[in-house]
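Here is how the chains run, residue by residue.
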Amino acid sequence: MSVASSASPQRASLFERLTTPGRGWLTLPAIFFLLAVFIFPLVLIGLYSVNLLSNRFGVPTNFSLTNWDDFLPPGDNVFWDRFKSSMIITLLVSVLAVVAAYPVAYFLAFVARRRRYTLLLLILAPFFTSYLLRVIAWKVILSNNGVINSILWQLGVREHGDGVTWLIYSWFAVGLVLFYSWVPFVALPIYVVLENLDTRLLEAAQDLGAGRLRTFVRVTLPLSLPGVIAAFVFVLIPTTGEFIAPLLVGGPDSSMFGNAIQSFFQETPNWNYGAVLAMWLIAVVLVLVLLFGRFLSTDLRESKATT
Amino acid sequence: MERMDRRKFLGGAAVFGGGALLSACGGGAGSQGQPSATPTQETHPPIDQEPGTLNILEWPGYEAGGTKAQTYGMLAGTDYTKEFGTKGIKYTYIVNDTSAVNKARQNDFDVLHPCIENVQDYVNGGLVQPWDTSLLSSFGNLNPALTQRGVVNGQQYFVPWDWGYASILYRTDKVAPEDATGWELFWNEKYKGRISMWDGAQSNFEVAALYLGLPEMDNQTSDQVQQSKDALIEQKPLNKFYWQSTYSDMQPAFKAGDIWIAYSWQDGYVNMKAEGLAVEFMQPSQGKLGWVCGFMLGANTENYHHAHKYVESFINHKACIDLTNLFYYGSSDMTVQPSDVENKALAKKLNIGDPEALNSSDVNIQSWMPNEDEVALAWEEVSAA
């Protein structure tokens, strides 16, 4: 046992934890699982990205950074441009989802009272069905003879048969579906923080003369920021690699970076270039996790303790 | 999503088409198949010593008759399942042509059902072995023009079975007749936002080649690939979307009026017409595209004779007639006559009862692209542009 480990057993090195009888070994299944299903495939993708593996017949494999050179700036590259446009839509969706989810979480935490869990269940109920089906359901709503256009026709706003064309197969449709998909999930971390907020602080603020708005801006919102940021990351990270919504409701110009990756692996034998895009996306997500990780790993209930 | 969707769609086609199952029309005759080198049978144990478990790489909808997976009432395969049962048959589904090759690299299949443009990929990868055509009693009925396309290195690696066309499906009430002349309709600015090309690399580069008048649509030089790519990028904004699935994407959008002009197989025409839409399946001035799919034999199969029996149960005369009546596709069986097709008007319109139809000069049969990697990358660039 090292001094460090004696002083702080929980901070023992990985080796020490693994070699400590009756304790460290318990982590081995998890470690093997991670190695097998995460690290190993990641290494394989990495090898593809530098051309040390190939999926094509008769193509020699040797270390090459050509695909990386081609993808990364400087220089024009359509996939890099697609990455940038995807990040913009991702950020936009993430911000909008958080803004929309906050009132929902607030309502559940402070207004719904005893009905909160019932309401929470109702909010999450659509998510008991497949994501794919929910996206397809939007096609029914947004298509040329879908629900919205039919209403417009009935109201005489538009001539029958002349639907609003940007409702579907557009960035609007992609953004809307992603927004819809994430709002309930985004509401959860915010709700957890608000739920555990020390309400005595709110009472104190009001006792000291703050109005409801001031109390919210000066007390509630700052204290709920860990949840807000966690929620933001909850949307941002998975949406970065999204490809289903653009595939189903996107137009030719609204495909995302994830579609390019999916397409390289699914539709072409050129896994090497697809691997470059995939590794880049992983790197971006890792940076995001490092940037926001502490909010994700923080026990959100600590917000109560720190107040 | 190349062939899957076409086949997947067939289910729908079959449903509203009545799911016709034909009565038997007698056996075929003739022996016009190309001679091929046949592997010696001595190297393979007799059928009763084989495991009898068939691992099959197949498109959804094309499972053998008699299996639970075959829900469209297809007759093909029934002879096999009656004789050997269904328990030993296992299907792995093809998502698209490229992923099918990838799957075949990673698994040993006994029978595979690729399309003709990928035959060379399977042979080059050592994934398949030649058929012994003497074990396929109906092989002699098959169209030699098609069977010849399945010969590689003098051996019959590919047994053609189903074929069809790809062209432009368009609304005659929305598209002016003078605009519906050929593949250039996809580039017509007048119909911006009402067009949907397929999300398929090879087919789109073939369409672009026909539009540009390139001499060989499946053998484009690098310069020509660049020209085709530029043309497709130019065309891209005119699309409402690139469709992935004819059944769940293209046809619902066509029916809904989101799109008026689409790349389509002939089943799309049949079904949109049945929906009451004023549609036409174009005969482009540059010619339609023609596709041919068929069977290949796994390189490491332990079910050599079972595999032959299985394929025979698909290429026999009755099964071929059923294929045409059920799915509106042609079969490679030369002995199928137009009179065998129940829907006479459709038979005439699509030439599906005419085994020589694909030999027509107005059909461009898809074939292997030697530079398919280059084309695939170029298509990805079009998609991301």
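Worth saying up front: this structure is predicted, and the values here are computed from it rather than measured. (Residues numbered from 1 in each chain as written. Chains lettered and ligands numbered in written order. Predicted model: local features only at pLDDT ≥ 70, side-chain atom pairs only at ≥ 80, totals over all residues.)

Focus on the overall build of chain B
Then, in step 1: Looking only at helices and strands, chain B has 13 helices and 13 strands in total.
Then, in step 2: When the 385 residues of chain B are sorted by exposure, 57% land in the buried category.
Then, in step 3: Considering only residue pairs separated by 6 or more positions, chain B has 76% of its internal contacts joining residues 24 or more positions apart. (Helix = DSSP H or I, 4+ residues; strand = E, 2+ residues; numbered from the N terminus. Buried ≥ 20, exposed ≤ 12 C-beta atoms within 10 Å, placed from the backbone. Contact = placed C-beta atoms within 7 Å.)

As for the overall build of chain A
Then, in step 1: Counting its regular elements, chain A contains 15 helices and zero strands.
Then, in step 2: Buried positions account for 33% of the 307 residues belonging to chain A.

Remarks on the interface of chain A and chain B
Then, in step 1: Taken residue by residue, the interface counts 28 residues in chain A and 28 residues in chain B.
Then, in step 2: Elements with a contribution of two residues or more to the side of chain A that touches chain B: helix H5 (78–111) and helix H13 (257–267) of chain A.
Then, in step 3: With five residues, the top contributor of residues to the side of chain A that touches chain B is H13(A).
Then, in step 4: Residue classes in the side of chain A that touches chain B are distributed as 11 nonpolar, 14 polar and three charged. (Nonpolar A, V, L, I, M, F, W, Y, C, P; charged D, E, K, R; others polar.)

Some details on the packing of helix H7 (residues 222–235) of chain B against helix H13 (residues 372–384) of chain B
Residue and element names in this part refer to chain B.
Then, in step 1: The interhelical angle for the contact between H7 and H13, taken along N-to-C directions, is 25°, at an axis separation of 10 Å. Comparing their axes, H13 and H7 come out roughly parallel. Like other packed secondary-structure pairs, H7 and H13 cross with a definite hand, here right-handed. For the pair H7 and H13, the contacting residues are Ser222, Val225, Lys229, Leu232 and Ile233 in the first and Glu374, Val375, Ala378, Glu381 and Val382 in the second. (Axes fitted to C-alpha atoms, helices over the stretch in contact; angles between N-to-C directions. Parallel < 35°, antiparallel > 145°, perpendicular 65-115°, else oblique. Left-handed = near helix turned anticlockwise from the far one by under 90°.)

Re the pairing of strand S1 (residues 54–58) of chain B
Residue and element names in this part refer to chain B.
Then, in step 1: For S1, the tally of buried residues reaches five of five residues, placing the bulk of the element in the interior.
Then, in step 2: In S1, alternate side chains face the same way, and those of Leu54, Ile56 and Glu58 on one face and Asn55 and Leu57 on the other are all buried.
Then, in step 3: As paired elements, S1 and strand S2 (residues 89–93) share five bridges and run parallel to each other. When the sheet's bridge partners are listed, Glu58 is paired in S2 with Tyr93.
Then, in step 4: Taken together, S1, helix H2 (residues 78–84) and S2 constitute a β-α-β crossover, and its handedness is right-handed.
Then, in step 5: Pairing of S1 with strand S3 (residues 111–112) involves two bridges; the strand directions are parallel. Of the residues in S3, the one forming a bridge with Ile56 is Val111. (Pairing = 2+ DSSP bridges. Right-handed = clockwise from strand over helix to strand, strands pointing away.)

Topic: helix H8 (residues 246–256) of chain B
Then, in step 1: All buried positions along H8(B) are accounted for by Thr246(B), Tyr247(B), Asp249(B), Met250(B), Gln251(B), Ala253(B) and Phe254(B).
Then, in step 2: Just beyond H8(B), the residue with positive phi is Gly257(B), at close to 90°.

A closer look at the pairing of strand S7 (residues 158–171) of chain B
The side chains of a regular strand alternate between the sheet's two faces.
All names here are of chain B.
Then, in step 1: By the criterion of burial, S7 is predominantly enclosed, with 14 of the 14 residues buried.
Then, in step 2: In the sheet, S7 pairs with strand S11 (residues 288–298) via eight bridges, with the strands oriented antiparallel. Of the residues in S11, the one forming a bridge with Ala166 is Leu289.
Then, in step 3: For S7 and strand S12 (residues 330–331), the ladder comprises two bridges, and the chain directions are antiparallel. Counterpart to Trp163 in the pairing with S12 is Gly330.
Then, in step 4: Pairing geometry for S7 and strand S9 (residues 261–265), over five bridges, is antiparallel. For Leu169, the partnering residue across the bridge sits in S9 and is Ala262.
Then, in step 5: The pairing of S7 with strand S10 (residues 279–281) spans three bridges and is classified as antiparallel. Residue pairing in the sheet places Arg171 in a bridge with Val279 of S10.

What to know about the nonpolar core
All names here are of chain A.
Then, in step 1: Counting residues in each nonpolar core, the largest one holds 162 residues, and the members touching the most others are Ala101, Val186, Ile190 and Val249.
Then, in step 2: Apart from the residues lying within four places of it in its own chain, the contact partners of Val249 are Val135, Trp138, Lys139, Leu142, Ile168, Tyr169, Ala173, Val174 and Val177.
Then, in step 3: Core analysis: the next-biggest nonpolar cluster, separate from the first, contains 17 residues, Phe79, Ile261, Tyr273 and Leu277 among them. (Core = buried A, V, L, I, M, F, W, Y, C linked by C-beta atoms within 7 Å.)

Details of the environment of Leu212(B)
Residues and elements named next belong to chain B.
Then, in step 1: As for its position among the elements, Leu212 is in helix H6 (residues 201–212).
Then, in step 2: Exposure remark for Leu212: the 17 C-beta atoms within 10 Å place this residue in the partly exposed category.
Then, in step 3: Each C-alpha atom of the pair Leu212 and Leu346 lies 31 Å from the other, and the pair is 134 residues apart in sequence.
Then, in step 4: With sequence-adjacent residues up to four places away left out, Leu212 is seen in contact with Gln227, Ser228 and Ala231.

With respect to the environment of Ala97(A)
Residues and elements named next belong to chain A.
Then, in step 1: Examined against the element boundaries, Ala97 turns out to sit in helix H5.
Then, in step 2: Taking the C-beta count within 10 Å as the criterion, Ala97 has 26 such neighbours and is therefore assigned buried.
Then, in step 3: Considering only alpha carbons, one finds Ala97 and Pro184, 87 residues apart in sequence, at a separation of 8.8 Å.
Then, in step 4: Among residues more than four places away in sequence, those in contact with Ala97 are Phe179, Trp182, Val183, Val186 and Val235.

Some points on the confidence of the model for chain A
Residues and elements named next belong to chain A.
Then, in step 1: The predicted model of chain A has a mean per-residue pLDDT of 84, with 88% of residues at 70 or higher.
Then, in step 2: Scored below 50 in pLDDT, residues 1–9 shows four contacts in the model against residues more than four places distant or in partner chains.
Then, in step 3: Considering only residues more than four positions removed or in separate chains, one finds that residues 300–307, a stretch of pLDDT under 50, has 18 contacts. (pLDDT = per-residue confidence, 0-100.)

Some points on unusual backbone geometry
Residue and element names in this part refer to chain A.
Then, in step 1: Residues Pro73 and Pro74 are joined by a peptide bond in cis, for which omega reads 5°.
Then, in step 2: Inspection of the secondary structure puts Pro74 in the loop between helix H4 (66–71) and H5.
Then, in step 3: Positive phi values are uncommon outside glycine, yet Asn51 reaches one of about 65°.
Then, in step 4: The residue Asn51 is located in the loop between helix H3 (28–49) and H4 in this model.

Remarks on the confidence of the model for chain B
Then, in step 1: Scored by pLDDT, chain B comes out at a mean of 85, with 89% of its residues at no less than 70.
Then, in step 2: Per the prediction output, this complex has pTM 0.76; the corresponding ipTM is 0.72.

Topic: the packing of helix H7 (residues 131–142) of chain A against helix H9 (residues 171–195) of chain A
Residues and elements named next belong to chain A.
Then, in step 1: At a closest axis distance of 11 Å, the pairing of H7 and H9 adopts a crossing angle of 135°. If you check the angle between H7 and H9, you find them oblique. Handedness of the crossing formed by H7 with H9: right-handed. Taking contact as the criterion, the partners of Tyr131, Arg134, Val135, Trp138 and Leu142 in H7 are, on H9, Ala173, Val177 and Ser181.
Then, in step 2: Its residues assigned to classes, the contact of H7 with H9 comprises six nonpolar, one polar and one charged.

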